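# Report on the structure
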Amino acid sequence: MTARGTSPGTAQRSTSAGQAGTNAAPVPDGTDEYLALLWGRLNTVVDTERLTQDSMVRLMAVYNDVAHVFYTLEARQDHAELERLHSWRRRFHDNPELDDRILRLLLALSCPDPDAEEARLEYVDQLRRARSLDRAGLARAEGLLTEALSLLGQVREDQRHLLGRLGVADQAARPQLLFYKLTGQADSAATRAKLTAAWRAVGKRHQGPLAEAVDRLIEERRAQSAGEGHTSVLARTLRRARAGESDIETFLHDFLRRAMSGAATLETQTAQAVEVDGPPLDHFAYVLRRLTLGARIPSFDLDECLRYVFAVARAALGLELSRTSTEAGGIIEVSARAGGRPAGSLTLDLWDAPHKTVGANHTHGVRNRTAWPGLEQLPAAYVTCRFQRDPRQPGRITFQNLLSLLHEFGHAANHLLIEGRLSFRAGLEYLPPERLEFLSLWFEKWAYHPELARFLSLPGDDVRALDRCRHITMLEYRRSYVERGALALLDFEVHRRGRGTLRETYQRLDEEFGISRHVALGDLLEYFTQPMLLASPGANFHYLWGSADSCARYAPYHALPLAEVEIRPELRRSLGDSFDLDAPSAIPDSGTVFAFFDRSDLEGIA
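These numbers come from a predicted model, not from an experiment.

### Side note on the overall build of the protein
From N to C terminus, the protein includes 27 helices and nine strands. Computed over its C-alpha atoms, the radius of gyration of the protein comes to 25 Å, within 12% of the 25 Å expected for a compact globule of 606 residues. Considered along the principal axes of its C-alpha atoms, the protein spans approximately 80 × 55 × 45 Å. In the protein, buried positions account for 55% of the 606 residues. A sequence separation of at least 24 residues applies to 74% of the contacts in the protein between residues at least 6 apart. Put simply, the protein shows about 25700 Å² of open surface, and 50% of that area lies on carbon and sulfur atoms. Charged side chains of the protein number 74 positive and 82 negative; the gap between the two group centres comes to 1 Å.

This is how it looks when you write it as C-alpha cells:
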C-alpha cells in the first residue's frame, strides 16, 4: 500500500533534511537549522503585495522541502523526532494567519502558464478546505475511531484467549492467521467445523457495538462531506476521479457476480479433495496443507530479488536504478535515472524493527517533482515494510515478502515517473483514485514471470517450490474473491448514500448476491478502521479495478524475455495513464482477474 494525500493547506514533498532540492544556497546539516532556513525563504516570498508566477513556484518549492522533512520522519516512524519538531510543523502547517496571507496572494494572481495556473487553483482549493475544516467533527471522528479500535482490541483479546485454550502457544502473528493455520492442522472435518463455529461465536460477542461505532463514524463523515458542499462521502473521495460512479458500480456488480461463481467452483473442488462438514471453504486451509505436506517452502535472497526488481524496472519502465548506500539498520538508498537524466531517489526500509507500529507495508511519496526554469526538485519515495528476519537465514525473504516488495516498488516507481512540472500536480496523491493501484499491481504480477527464477540461486527442487508458492498465492486469492468484492461494494454503497447503516447495506447486497454464504458482516467490520478506508472512504474498489487492469496489461509481457521487453517501446506507452494525471479512465474487464487466478487449481498444486 501504499501512498497518502497531503493535509489541506500543506504543500507537497521534499528531499532529506540535508538537501535543499532547489537551486539555492547550501543547506545547514541540522534539521532545525534547515527548517529555519526554509522559514526564512518562505517569509521572503510572502512578504510582498503581489506574487508572480515564479515566486508562487518558489513558495511551492519551499513547502515541498518542508513537507519532506516530516513525511520522511513519518515514513521512518521516528516519533521522538516528530514530537521534537512539532512546533516547526505547526509554524508551517497549522498557521491560519500565514494560510490567509498566502490565500490572498494566490487569489490575486493569474498564471499565464497553464500548468502553473492548475497548480495555483489546486493550492487555493487546499487552503480553502483547510479554512473550512470542521475541527470539532474531526475530533469526534477520532473519538469514534478510538472506540471502534478498542472494541476490535477486545475481539482480538477474546480470539487469543480461545487460541490459548486450543493449545496455540506462540501468538506473535495476527489471530486470524493463527486460526487459519490451526484449522489446516485438524485432520477431522467435524473438528474443523467445531473450531470454525467457536471462532465465529467469539467474533460475534462485540459485533453489535463495533458495527454501531463504525456506523457513527460513517455518519460523521457524511456530515463533514455535506458541510464541504459534497453530495456524499463518495463524491468527495472521487473528486479527482476520471471514472464515474455508475461505471464503478457496473464494474463492482460484474466482479461480485463472477466472484460468487468462482467461489462455487472452488467449493466443489474443495469438497472433492477432502471430506467436509458445513461450508466447504471452511476446510480450505486443510486442503492446502494436505496437498503440500512435506513440500519445501523456499526463501529468497533479498539482494537477488532486488536485482530482479531493478532489471524489470529498466526493461519495462526505462528506469535505471543504482544502490547508493545501505545503513546499519538495513535501509537501502537508491538513485534513479530515466532517459539519461536523474529521475529521483527512493528509500527501501524493508526489515521489521521495534519502533515500527504501522502494520501494513506502504509507500510514501515523500517529495514531488518540480521542473521549472531555474528551479528543479527531484521526486523521492520511501518504501516501508515489516519483513521478519530469520537468524538462521539472514538476508532472505518469503514469497509473500517478494510480492510485497514488487507491489510497493510499483508505487515508488509510479511516484518517480508521474508527469508534472510542479509539486502541486506531480505526485501519487494527484492520481485519479481508480488508478492508484494500476502500476503497483502490475509490478506485483512480475512475481509470476518465468524470468524470475533466472535471477534466484535456486537448486532444481526449489524452482518447483517457487511455482508451488505461486500456485498457493493464486489459490488463496481465489478463496478471497467474494470477501474482496463484498468489501469493495459495501464500502462503495454505504459511502455513496446519505443514510443507512452497514448492516442494512450488507443485507441489500446479500439479497442481490447471496454473499452471506461466504462472508459475514463481522468479517468486514475491521476493514472500516484501517488507514486506507479511513483516508479514502468509498474507494476500496480501486484494488479490484487495479487488479483487473493489471492482469490485462501484464499479459503481453508474460511470454517475453526482459531483453525483448526493453526494445518494445509500445509496451511502455501502454502504461501511460499511470503517469498522465489527465488521461481518461477506461472500465477494466473484471473477467481478466478470474482468467489470471483461475489458472491455478487444487489438482495443479498437488
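### Quick look at the sheet that holds strand β4 (residues 341–351)
Taken in spatial order, the five strands make up an open sheet running β2-β3-β4-β8-β5, and their pairing is mixed. The open sheet terminates on both sides in strands that have one partner only, identified here as β2 (319–326) and β5 (362–367). Averaged over all pairs of adjacent strands, the angle between strand axes in this sheet comes to 25 degrees, irrespective of strand direction. Where β5 meets strand β8 (residues 380–387), five bridges bridge the pair, whose relative direction is antiparallel. Bridge pairing links H364 to Y382 in β8. Across the sheet, helix α2 (residues 53–76) is in contact with β3 (332–338), β5 and β8; its angle to β5 comes to roughly 160 degrees. Together, β2, β3 and β4 form the strand contacts of helix α14 (residues 302–317), whose direction differs from that of β2 by roughly 150 degrees.

### Topic: the packing of α2 against helix α4 (residues 86–93)
Running from N to C, α2 and α4 cross one another at 140 degrees; their axes reach a closest spacing of 11 Å. Comparing their axes, α4 and α2 come out oblique. Judged by the twist between their axes, the crossing of α2 over α4 is left-handed. Counted together, Y63, V66, F70 and E74 of α2 and W88, R89, F92 and H93 of α4 form the full contact between these two elements. When the residues that make up the contact of α2 with α4 are grouped by side-chain class, the tally is five nonpolar, one polar and two charged.

### Concerning the packing of helix α19 (residues 481–496) against helix α20 (residues 502–513)
At a minimum axis separation of 10 Å, α19 and α20 run at an interaxial angle of 125 degrees. In terms of axis orientation, α19 runs oblique to α20. Here α19 and α20 pass one another in a crossing that is right-handed. Taking contact as the criterion, the partners of A486, L489, L490, E493 and V494 in α19 are, on α20, L502, T505, Y506, L509 and F513.

### Considering the pattern of salt bridges
By the definition in use, this model includes 47 salt bridges. E74 is the partner of R89 in a salt bridge, and the nearest nitrogen-oxygen pair spans 2.5 Å. In this pair, R89 sits in helix α4 while E74 sits in helix α2, placing the two residues 15 residues apart along the sequence. On the basis of relative accessibility, which here comes to 25%, the residue R89 falls in the partly exposed class.

### Points about helix α1 (residues 31–46)
If you check α1, its first and last C-alpha atoms are 22 Å apart, about what 16 residues at 1.5 Å a residue would give, namely 22 Å. On the buried face of α1, the contacting elements are α2, α3 (79–84), α4 and α5 (96–107).

### With respect to the packing of aromatic side chains
Summed over all chains, the structure comprises 26 aromatic pairs. Residues Y448 and F596 carry aromatic rings whose centres are separated by 5.3 Å and whose planes lie at 85 degrees to one another, so their mutual orientation is edge-to-face. Residue Y448 is found in the loop between α16 (438–444) and α17 (452–455), and its partner F596 is found in helix α26 (residues 591–597); the two are separated by 148 residues along the sequence. Each of the two residues, Y448 as well as F596, counts as buried. The side chain of R192 reaches across the aromatic face of Y286, ending 4.0 Å from its centre. It is K445 that lies over the ring of F596; its NZ or CZ is 5.8 Å from the centre.

### Description of helix α13 (residues 284–292)
By the burial criterion, the buried members of α13 are F284, A285, Y286, V287, L288 and T292. G294 sits one or two positions beyond α13 and adopts a positive phi of about 85 degrees.

### A closer look at the side chain of H449
Within the secondary structure, H449 sits in the loop between α16 and α17. You can call H449 buried: its relative accessible area is 1%. Here Y557 takes part through its backbone oxygen, which lies 3.0 Å from a polar atom of the side chain of H449. For H449, the contacting residues outside a window of four places in its chain are Y308, R470, Y554, Y557, H558 and L560.

### Thoughts on the nonpolar core
In this structure, L317, L319, W442, W446 and I515 are the most contacted members of the largest nonpolar core, which totals 111 residues. Among the elements that line this core, the one with the most residues is α14, at twelve residues. With near-sequence residues (within four places) excluded, L317 lies in contact with V312, A413, L417, L439, W442, F443, R572, L575 and F579. By size, the runner-up hydrophobic cluster in this structure holds 45 residues, among which are V45, L51, L98 and I102.

What counts, and at which threshold
Residues numbered from 1 in each chain as written. Predicted model: local features only at pLDDT ≥ 70, side-chain atom pairs only at ≥ 80, totals over all residues. Heavy atoms only, no water. Helix = DSSP H or I, 4+ residues; strand = E, 2+ residues; numbered from the N terminus. Rg over C-alpha atoms; globule rule 2.2 N^0.38 Å. Buried < 20%, exposed > 50% of the residue type's maximum accessible area, 1.4 Å probe, protein only. Contact = heavy atoms within 4.5 Å. Areas by Shrake-Rupley, 256 points an atom, 1.4 Å probe, with all protein chains shown as cover. Lys, Arg positive; Asp, Glu negative; His and termini not counted. Charge placed at Lys NZ, Arg CZ, Asp CG, Glu CD. Pairing = 2+ DSSP bridges. Axes fitted to C-alpha atoms, helices over the stretch in contact; angles between N-to-C directions. Parallel < 35°, antiparallel > 145°, perpendicular 65-115°, else oblique. Left-handed = near helix turned anticlockwise from the far one by under 90°. Nonpolar A, V, L, I, M, F, W, Y, C, P; charged D, E, K, R; others polar. Salt bridge = Lys/Arg side-chain N within 4 Å of Asp/Glu carboxyl O. Expected span 1.5 Å × (residues − 1). Phe/Tyr/Trp six-rings, centres within 6.5 Å; stacked < 30°, edge-to-face > 60°. Lys NZ or Arg CZ within 6 Å of the ring centre and 35° of its normal. Polar contact = N/O pair within 3.5 Å; in protein donor to acceptor, adjacent residues only side chain to side chain. Core = buried A, V, L, I, M, F, W, Y, C linked by side-chain atoms within 4.5 Å.

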